[in-house]
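A look at the structure
Listed here are the chains, written in short residue letters.
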Amino acid sequence: MLEIAPSILSSDFTRLAEEIRAVQAGGATVLHVDVMDGHFVPNITIGIPVVESIRKITDLTIDTHLMIEEPSRFAVKFVEAGADMVSVHVEADVHLQRTLTAIREAGGQAGIAINPATSLTSLEEALPFADFVLLMSVNPGFGGQKFIHTSIDKLRRMRRIIDDRGLKTRIEIDGGIDASNIAEIVESGAEIIVSGTGVFGKGKPTEAVKELLDAGTVWV
Ligand code: DX5
Ligand code: ZN
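To start, this report covers the structure provided alongside it.

Analysis parameters
Residues numbered from 1 in each chain as written. Chains lettered and ligands numbered in written order. Predicted model: local features only at pLDDT ≥ 70, side-chain atom pairs only at ≥ 80, totals over all residues. Heavy atoms only, no water. Helix = DSSP H or I, 4+ residues; strand = E, 2+ residues; numbered from the N terminus. Expected span 1.5 Å × (residues − 1). Buried < 20%, exposed > 50% of the residue type's maximum accessible area, 1.4 Å probe, protein only. Contact = heavy atoms within 4.5 Å. Salt bridge = Lys/Arg side-chain N within 4 Å of Asp/Glu carboxyl O.

Side note on helix H6 (residues 151-164)
- If you check H6, its first and last C-alpha atoms are 20 Å apart, about what 14 residues at 1.5 Å a residue would give, namely 20 Å.
- Here H6 has its buried residues at Ser151, Ile152, Lys154, Leu155, Met158, Arg159, Ile161 and Ile162.
- Considering only its buried residues, H6 is in contact with strand S5 (109-114), helix H5 (121-124), strand S6 (132-136), strand S7 (170-174) and helix H7 (182-187).
- Positive backbone phi, at 65°, marks glycine 166, one or two positions downstream of H6.

This is the structure:
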């Protein structure tokens with residue numbers, strides 16, 4: 001099932017609750033929350049108290065994307081703060097299987113996030129322990145970057161690996177996605193589509209989510 005996950009990084013934080021209601025009105029079902037620590041990526045954004053606040057005002061699925069070093073120290077805390085989905089970067093965790101299992105045991109959906117230049121072989125062994133994979137189609141750190149087109153081929157290969165192994169792992173993709181490229185991305189096998197600038201960039205988030213859903217509803 002196609003799901004649109006607006007990234008609140010590009011929203012107006014002074015009106016966050018309103019922005020969340022606006023994307024829900026457009027049909028968004030997942031809220032993507034970008035957590036950055038200034039070490040794993042060159043930017044600092046949102047942490048646990050904000051996730052707790054968002055949990056109080058929405059029933060949307062909260063998807064926390066941890067772009068942090070030592071994610072095993074914090075992953076379960078995000079579930080406890082109210083996150084439904086927690087993704088951890090394969091590049092940041094040498095004990096990925098343990099962290100993914102801890103997220104699941106805490107009641108969350110566990111995800112493996114992977115940067116554009118990291119090979120899929122680095123996550124294959126961990127797939128049975130994950131509910132979803134988050135393919136980065138930009139280098140993480142900032143909203144508003146250009147979609148890296150080789151991500152399409154990587155996405156197709158990821159889809160094939162999951163299908164060949166008979167797994168139920170869902171594929172989420174993140175970075176540089178808007179109504180102009182969403183169809184090709186959905187056709188290539190992604191189910192959960194993150195969009196920040198594409199949703200909030202023009203100041204009409206409800207319409208932008210509807211447009212993404214329309215453009216992304218393709219027969220595969
Ligand atoms: C990038 C973040 C993304 C970002 C997406 O580091 O992980 O979630 O907010 O924003 P756009 O859609 O503008 O590329
Ligand atoms: Zn993200």
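There's plenty left to go through after this.
Focus: the pattern of salt bridges
- Counted according to the given criterion, the structure contains ten salt bridges.
- The salt bridge involving arginine 73 is made with glutamate 70; its shortest N-O contact spans 3.7 Å.
- The salt bridge involving aspartate 131 is made with arginine 104; its shortest N-O contact spans 3.1 Å. Of this pair, aspartate 131 sits in the loop between H5 and S6 while arginine 104 sits in helix H4 (residues 96-105); the two residues are 27 residues apart in sequence, bridging distant segments of the chain.
- Assessed through its relative accessible area of 25%, aspartate 131 is described here as partly exposed.
- Looking at arginine 104, the relative accessible area reads 33%, which means it is partly exposed.
- Among the ionic contacts, a cluster of salt bridges with common partners joins Asp12, Arg15, Glu18 and Glu19.

Keep in mind that these numbers describe shape and distance, not what the molecule does.
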